[in-house]
Every structure is written in structure tokens, then in C-alpha cells.
Amino acid sequence: MTRQGADQPFRRRVFYIPGYDPIHPRRYRELYRKEGAEQAAISGYQLALSPKTAKGAYGWHVDTVVDGAATRADVEVLVWSDIVRDSMDGSILGTYLQLLRTAWIYISSGALWRLMKLRKGPVMAALYPVGMLLLQLLLAGLVFWGIATLVGIGAGVVERFFWPNRVFGPLFYPSIALSLLAGALCAAALLRWFKGKDNHLYAYYMMHDYAHAAAHKGAYPPELEMRIAGFADTIAAALQEDVQEVLIVGHSSGAHLGVSVLADLIRAGRVPEQGPALGFLSLGQVVPMVSFLPRADRLRADLRYLSTRDELAWVDVTAPGDGCAFALCDPVSVSGVAPDGKRWPLVFSAAFTQTLSPARWKALRWRFFRLHFQYLCAFDRPRDYDYFQITAGPQTLAARYDGRPASKSRIDHAVSKYTSVAA
């Protein structure tokens, strides 16, 4: 493999694993383009996007010059949005059935109470769709009762006008059926209206997310196992290329998928000793939402295995300001599978309250979903975390954070009730 020289740019392949997201991956290219340009202007380096030059399903090419050093990076999105879309039951009834099943799994397994010992923010985020959907159902119930009552009263007035001497006129039973039908139609219309507004409320979207994670009580469904194997093949091919680093970025639910992809890759001996540096950057991870479930043996085994490996550098970045992530929770340790000789991950905070100006923080403070993506965006008071320099700058992940201490406020003791691992 050719090494970087004074007149030769640093070359990198980047593989981005999104979280639970049904949207086309072009949104990540546009986000990178917009926020990368802003960060480059703030931090004083050059960054330009162009069409991808490497093989792969979807991605883009990035050229940067940082402190006089040139870098060429090809970014590829490892797509599983089709699996996400398939997991989203289109019916209202199906979503409420998911709510009941998912709540039962987290409560009966004891996982919910353990998760609350870590960070209340992501647990509140998990309870939000439950509360919102139940509120919608309550309002629909009130509409049903109100409309049915009004129709019934109206029918009674008509009966008394035309048949004043009869206790039960000819409209009595039809009016009951009509009132129930009218109430049901109006309640259903209200529920459909709420669902149509879910691009603002996120109740259905988040419910599908948690239901998907809990569907097999922490085990990966067969279709996701197949996709993980495909991701491993893609990364293994990149490790044979003439680049200085292969970097995997896992955001949100994509973080625990990245853990399993890399664990499979290393177990199979597919990381060449003389190949590119291998880096893993997990951002805004929600690993405990899965690893705390009773059948997450595979994920817990992968966490345990990956935490000791010399073949890669693993850096985990979260922030207490992100209410959707398990901020500063070491995913290996809190899952109860930290072995002797544990090396990874290096856990530290993106420190939103310090790396964003007061005005910027005030504008974003209550935009919870936007903050969950802040790791992929520009910081107007950057410190040592810069997503664009990590993915398109002239240092490997290991070199960039060599000697960097972990955050003192991290949570690194066992919390999960279930600690079994796959054989």
C-alpha cells in the first residue's frame, strides 16, 4: 500500500451507517455539503464535494486542505432504509399493537428500569411516542363519545317530534347504529389526521423505531443479519484498497450495527495486517436500548469482543445535551460485558453547551431531533471534535485521539440485568 508523502494526499474510505431512517441517503450528502462548508469557513480550511469516485451504492467524494495537507475521501452510505420502511406497519391499528407489545417487552424484562438508571433523557424519548399515541387515542375516544351523543340526541328529538307518545319509536335502533357509526368515523378521521401530521409529531416514527429494536427482544432479525454480512463484505473490499484509512461511522442505531459488522469482520480475519488503518466512530449511540434486552446475546458478544481488539481504534462521542442518546455511557461496560484487557471505546463528550455559542445553543436547545444529528453538523466553537476533519482530514482516527483522556463523568459500570453472550 502506498503511504502518504509530502506531495501525495491522504486517502480515506468512509462508510456511514445511518440510524433508523426510512429516508433516501441523499439527505446525508446534502447535510454533509451544507454543514461541511460552514465548518470549513469557521475553522479555516478548504472543503469541496464532488460526485463519488469509488464503487458503492450511494456516496460522494470530498477534497480538503487542512493546515496545508490535502486529503481525498470517498464517503459511502451503507443503506438499510429499505428494511426500516418494511418494518413500519402502515396501519394505525398495527402501530397500537406494536405499542402494547414493545411496552410489555421493556417492562416485563426489567430493561426499562435498568435503562432509567443510566440516562433519563433517552428513556423519556422512548416514552414520548407511547404517551403521544395514547393521548391521540384518548382524544379520538372523546370525539367518538361526543359525536355519538350528539347524533343520538338529534335522533331522539326527531323521534319525539314525530312520535311523541311512543317510548321507542321506529328510529330508536337505527339511531343507535347511526350514532355509533358517526362517532367511529369521526374518531378514525382524527387518528388519520394525527398520523398525517407525524412528520411534525414523530410519534409513529419513534414507535416503529423502538418496536423494531425490541421485535426479537434484542436479537437481529434475519434480514438485518444478511445486511450486516453485506456491509462486512463491502468494508473488507475497501481494506484491500490503496488508502491510508478505512473509517466506519455509526450514528444512533447505526452504532450497534457497526459494532456487529466490525466484530464479524475481525473474527473472520478479514482485516489485513499491512492494510489501511481501521477506525470506528460511534455517534449518539443508543446501544443499551438493544443490549439490555434478554435475547441480545449476539450484540453483547460483539461489544465484548470488539472492546479488546488491536485491529481498530474505536471512539464513542455523545453529549448530555442530546436527549435521544445514552450520553457518556460506555456501551461495553454498562451492558455488563467488559472483559479484562478492555481497550475500547474511548468515550468523550461533544459538549454541546461549550462547542456551540450561547445563541446557537439557545436556538437548538429544544429541537431534540435536530440535536441528535448535531454530531454530523458544524460547531461554531469547535474543540477537538470536528466531524469533517475526522472524515476528510489528514489524520487517522487513532492518531487524532492518541493520548486523549476519556470523559471523567462517563458511566462505565455494569447496569444491564442480562449479560449472556452468544457462544
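The rules we used
Residues numbered from 1 in each chain as written. Predicted model: local features only at pLDDT ≥ 70, side-chain atom pairs only at ≥ 80, totals over all residues. Heavy atoms only, no water. Helix = DSSP H or I, 4+ residues; strand = E, 2+ residues; numbered from the N terminus. Expected span 1.5 Å × (residues − 1). Buried < 20%, exposed > 50% of the residue type's maximum accessible area, 1.4 Å probe, protein only. Arc of directions from axis to C-beta. Contact = heavy atoms within 4.5 Å. Lys, Arg positive; Asp, Glu negative; His and termini not counted. Salt bridge = Lys/Arg side-chain N within 4 Å of Asp/Glu carboxyl O. Phe/Tyr/Trp six-rings, centres within 6.5 Å; stacked < 30°, edge-to-face > 60°. Pairing = 2+ DSSP bridges. Axes fitted to C-alpha atoms, helices over the stretch in contact; angles between N-to-C directions.

### With respect to helix α9 (residues 222–238)
For α9, with 17 residues, the first-to-last C-alpha span of 25 Å sits near the 24 Å given by 1.5 Å per residue. Inspection of α9 places Leu224, Ile228, Phe231, Ala232, Ile235, Ala236 and Ala238 among the buried residues, and these make up the whole buried set. Along the axis of α9, the buried positions cluster into a sector of 150°, meaning they face one direction only. α9 presents Pro222 and Met226 as exposed residues on the side facing more than 90 degrees away from its buried surface. Those residues of α9 that are buried lie in contact with β1 (10–17), α2 (81–87), α8 (203–214), β5 (245–251), α10 (253–267) and α12 (297–306).

### Thoughts on the side chain of Asp209
Tracing the backbone shows Asp209 in helix α8. Within the buried core, Asp209 has no salt-bridge partner, and the shortest N-O distance to an opposite charge, that of Arg27, equals 11 Å. Excluding residues that lie within four positions of it along the chain, Asp209 makes contacts with Tyr20 and Ser253.

### Focus: the pattern of salt bridges
Using the criterion set out here, one finds 22 salt bridges in the structure. Each of the salt bridges in this network shares a partner with another, and the network as a whole consists of Glu225, Asp264, Arg267, Arg298 and Asp302.

### Things to note about the environment of Trp344
The residue Trp344 is located in the loop between α13 (331–334) and β8 (346–349) in this model. We classify Trp344 as buried; its relative accessible area is 13%. Each C-alpha atom of the pair Trp344 and Trp145 lies 57 Å from the other, and the pair is 199 residues apart in sequence. Beyond its immediate stretch of four places on either side in the chain, Trp344 contacts Leu306, Ser307, Arg309, Leu312, Ala313, Trp314 and Val332.

### Thoughts on the packing of aromatic side chains
The tally for this structure, following the rule as stated, stands at 16 aromatic pairs. Arranged with centres 5.6 Å apart and planes meeting at 55°, the rings of Tyr32 and Trp60 form a pair that is tilted. Taken as a pair, Tyr32 in helix α1 (residues 26–43) and Trp60 in strand β3 (residues 59–66) lie far apart in primary sequence, 28 residues in all. On the numbers, 5.9 Å between centres and 90° between planes, the contact of Phe379 with Tyr385 is edge-to-face.

### Observations concerning the sheet that holds strand β4 (residues 69–77)
The mixed open sheet is built from eight strands, whose spatial order is β2-β3-β4-β1-β5-β6-β7-β8. Edge positions in the sheet fall to β2 (46–51) and β8, since each has one partner strand and no second. The mean inter-strand angle of the sheet, taken between neighbouring strand axes irrespective of direction, is 20°. Pairing between β1 and β5: six bridges, direction parallel. What sits directly across from Tyr16, in β5, is Val249. Across the sheet, α1 is in contact with β1, β2 and β3; its angle to β2 comes to roughly 160°. Each of β1, β4 and β5 touches α9; the most contacted strand, β1, lies at about 175° to it.

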